[in-house]
Amino acid sequence: MLRRLLDARSQRIVATVELLVDAEGWVTAAELASATGTSKRTESDDIALIRKRWGALIGLESSIKEGFRIDKRNSAMISMVLKDLFSESSASKFLEKLFSTPGMTIEFYGKATFTSTSTLMRLLPKVESFLAENEMGILNRRGCYEVIADDEQHLRDFYASFLLELKGMAFDQEPCARIIRKILTHVLEPEAAAAVGNDEMLMGYYSMFYSVSLLRESQGNSIVSARSVESEVSDDDLSFLVARYGRLSKASLQPIHEYIVRRFHGWDSDGEHALVQAEAARFADSICKALCLGTNGDPNQKLQFIVENSYLLTKLRRHRVRPLFDHAHSFAITVERENPAFYKLFESNADAFSRNTSVDISAQMGTIMLRTCLAFPSCACFASPKKALVVSNLGARH
């Protein structure tokens, strides 16, 4: 777990917020102290910090008699607190520099992160353990350190997710986003290509992946690919990328483009494509009918595409990338608690799709629900039908 990289107090703070999010009502200081394994005094200090930094955002309330509770009980609050703590931690800064500037000494990383070398040496086993859980490691070559992995594509995938979760969407996506849109026009129908181009989540991730891959290619970590990119990258685009990232050629872009194409058109056979299309259509029909979105037209096509894309992502990712603060997963947890009918609707259809295609997309269900709600905000108001018995004088108007 990511939180193992945090110091003891930060871990307690996250645990305290989790307890308050999960609680149905008030939680006393003694109960919080017992659950986090600390004294009442220590827990009181932690609550004071939570109130100071996030109290207004999470709606923290306190009562001398009752204890504590938070008004905004959703998993996004946990993610927000964890993100803030992690972005400030020496471990996260160290790991970010290991990715972006590999092959340097501990002294260099100490200066870059404003952390003592002794502290970084103490953190090194924690960082190594965290990377090992994600099928990566740290190579120490004569006192110079870098992150390594047997699968370079997996390392790029993880690195892109790492940066997105830390920094969010506030980064310059051009010209990467423009090049990606051009790639998609070659492999998708115009409606599908336009839908992806307007999908903030997808374009944010693939733009970050493209940027990370360019950095890795410029550092000499190449992947072999024979895909032509002549029609997808102009000379002006290439000049811009070379000026920003250093030594690059169109050959450097080939594996990046192949990766993106496979995520949207990675069918192994026409039979596989036909099967997934049929099952995705059943999924979309069922959801659109239940949410009153209509079984024909734009909503149905968009949802079908989301499901097909989730299938390809699941099939082609040989390693599970665990987002550090998985917002889609947090969204799913909140939906399951606050709107179980909506959650079960997607869960039952995802189960049926997984059985019929032999690819389990359950891990993508949070993303499917989130992307559906972003595309059609009104559907989040869905609730299971209820019956009411009205008793009044016979013939009275209601």
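Residues numbered from 1 in each chain as written. Predicted model: local features only at pLDDT ≥ 70, side-chain atom pairs only at ≥ 80, totals over all residues. Heavy atoms only, no water.

A look at the confidence of the model for the protein
In regions of low pLDDT, the predicted coordinates are not meant to be interpreted in detail.
Logical step 1: Residue-level pLDDT values for the protein average 87, and 92% of them are 70 or greater.
Logical step 2: Per-element confidence in the protein ranges from a low mean pLDDT of 79 for helix 16 (residues 327–338) to a high of 97 for strand 3 (residues 104–105). (pLDDT = per-residue confidence, 0-100. Helix = DSSP H or I, 4+ residues; strand = E, 2+ residues; numbered from the N terminus.)

Considering helix 14 (residues 270–290)
Logical step 1: Here helix 14 is 21 residues long and its end C-alpha atoms lie 30 Å apart, about the 30 Å a rise of 1.5 Å per residue gives.
Logical step 2: Turning to helix 14, its buried residues number three or more, namely Glu272, Val276, Glu279, Ala280, Phe283, Ala284, Ile287 and Cys288. Each buried residue of helix 14 lies within a common arc of 165° when the element is viewed along its axis, so the set occupies one face. Pointing more than 90 degrees away from the buried face of helix 14 are the exposed residues Asp270, Arg282 and Lys289. (Expected span 1.5 Å × (residues − 1). Buried < 20%, exposed > 50% of the residue type's maximum accessible area, 1.4 Å probe, protein only. Arc of directions from axis to C-beta.)

Thoughts on the layout of surface pockets
Logical step 1: Of the pockets and cavities examined, the second largest pocket occupies roughly 480 Å³.
Logical step 2: For the lining of the second largest pocket, the secondary-structure elements that each account for two or more residues are helix 10 (190–197), helix 13 (250–265), helix 14 and helix 15 (298–316).
Logical step 3: For the lining of the second largest pocket, the element with the most residues is helix 15, which contributes 8 residues.
Logical step 4: For the lining of the second largest pocket, a count of residues per class yields 9 nonpolar, 7 polar and 5 charged. (1 Å grid on protein atoms, 1.4 Å probe; cavity = no way out; pocket = protein on both sides within 12 Å on 5 of 7 lines; lining within 4 Å. Points joined across faces, edges and corners; volume = space filled by probe spheres on them. Nonpolar A, V, L, I, M, F, W, Y, C, P; charged D, E, K, R; others polar.)

A short note on the environment of Leu248
Logical step 1: Relative to the helices and strands, Leu248 is located in the loop between helix 12 (235–245) and helix 13.
Logical step 2: Note on Leu248: relative accessible area 12%, which makes it buried.
Logical step 3: For the pair Leu248 and Gly168, spaced 80 residues apart in sequence, the C-alpha to C-alpha distance is 26 Å.
Logical step 4: Beyond its immediate sequence surroundings of up to four residues, Leu248 is in contact with Leu214, Glu217, Ser218, Leu241 and Val242. (Contact = heavy atoms within 4.5 Å.)

Brief notes about the pairing of strand 5 (residues 144–148)
For a regular strand, the rule is simple: side chains alternate between the two faces of the sheet.
Logical step 1: As paired elements, strand 3 and strand 5 share 2 bridges and run antiparallel to each other. Paired with Thr105 across the bridge in strand 5 is Cys144.
Logical step 2: Relative to strand 5, strand 4 (residues 137–141) runs antiparallel, the two sharing 5 bridges. Bridging across to strand 5, Leu139 finds its partner in Glu146.
Logical step 3: Linking strand 4 to strand 5, which pair antiparallel, is a turn of 2 residues; within it Arg142 sits at a positive phi near 55°. (Pairing = 2+ DSSP bridges.)

Overview of the sheet that holds strand 3
Logical step 1: Strand order in the open sheet formed by 3 strands is 3-5-4, with antiparallel pairing between adjacent strands. Looking at which strands have only one partner, the edges of the open sheet turn out to be strand 3 and strand 4.
Logical step 2: In the packing of helix 7 (residues 117–133) onto the sheet, contacts are made with strand 4 and strand 5, and the angle to strand 4 comes to roughly 130°. (Axes fitted to C-alpha atoms, helices over the stretch in contact; angles between N-to-C directions.)

Describing helix 8 (residues 152–167)
Logical step 1: Between its terminal C-alpha atoms helix 8 stretches 22 Å, which fits the 22 Å expected from 16 residues at 1.5 Å a residue.
Logical step 2: Counting buried residues in helix 8 gives 15 out of 16 residues, a clear majority hidden from the surface.
Logical step 3: Its side-chain oxygen at 3.0 Å from the backbone nitrogen of Gln153, Asp151 defines the N-terminal cap of helix 8.
Logical step 4: Where helix 8 ends, the next residue or the one after it, Gly168, has phi of about 75°, a positive value. (Polar contact = N/O pair within 3.5 Å; in protein donor to acceptor, adjacent residues only side chain to side chain.)

A closer look at the pattern of salt bridges
Logical step 1: A full pass over the atoms with the stated rule returns 21 salt bridges.
Logical step 2: With its nearest N and O atoms 2.7 Å apart, the salt bridge here joins Arg178 to Asp237. A residue pair is termed long-range when its members are at least 10 positions apart, and Arg178 in helix 9 (residues 176–185) and Asp237 in helix 12 qualify at 59 residues.
Logical step 3: Bridged by salt links that share partners, the residues Glu152, Arg156, Arg216 and Glu217 form one connected network. (Salt bridge = Lys/Arg side-chain N within 4 Å of Asp/Glu carboxyl O.)

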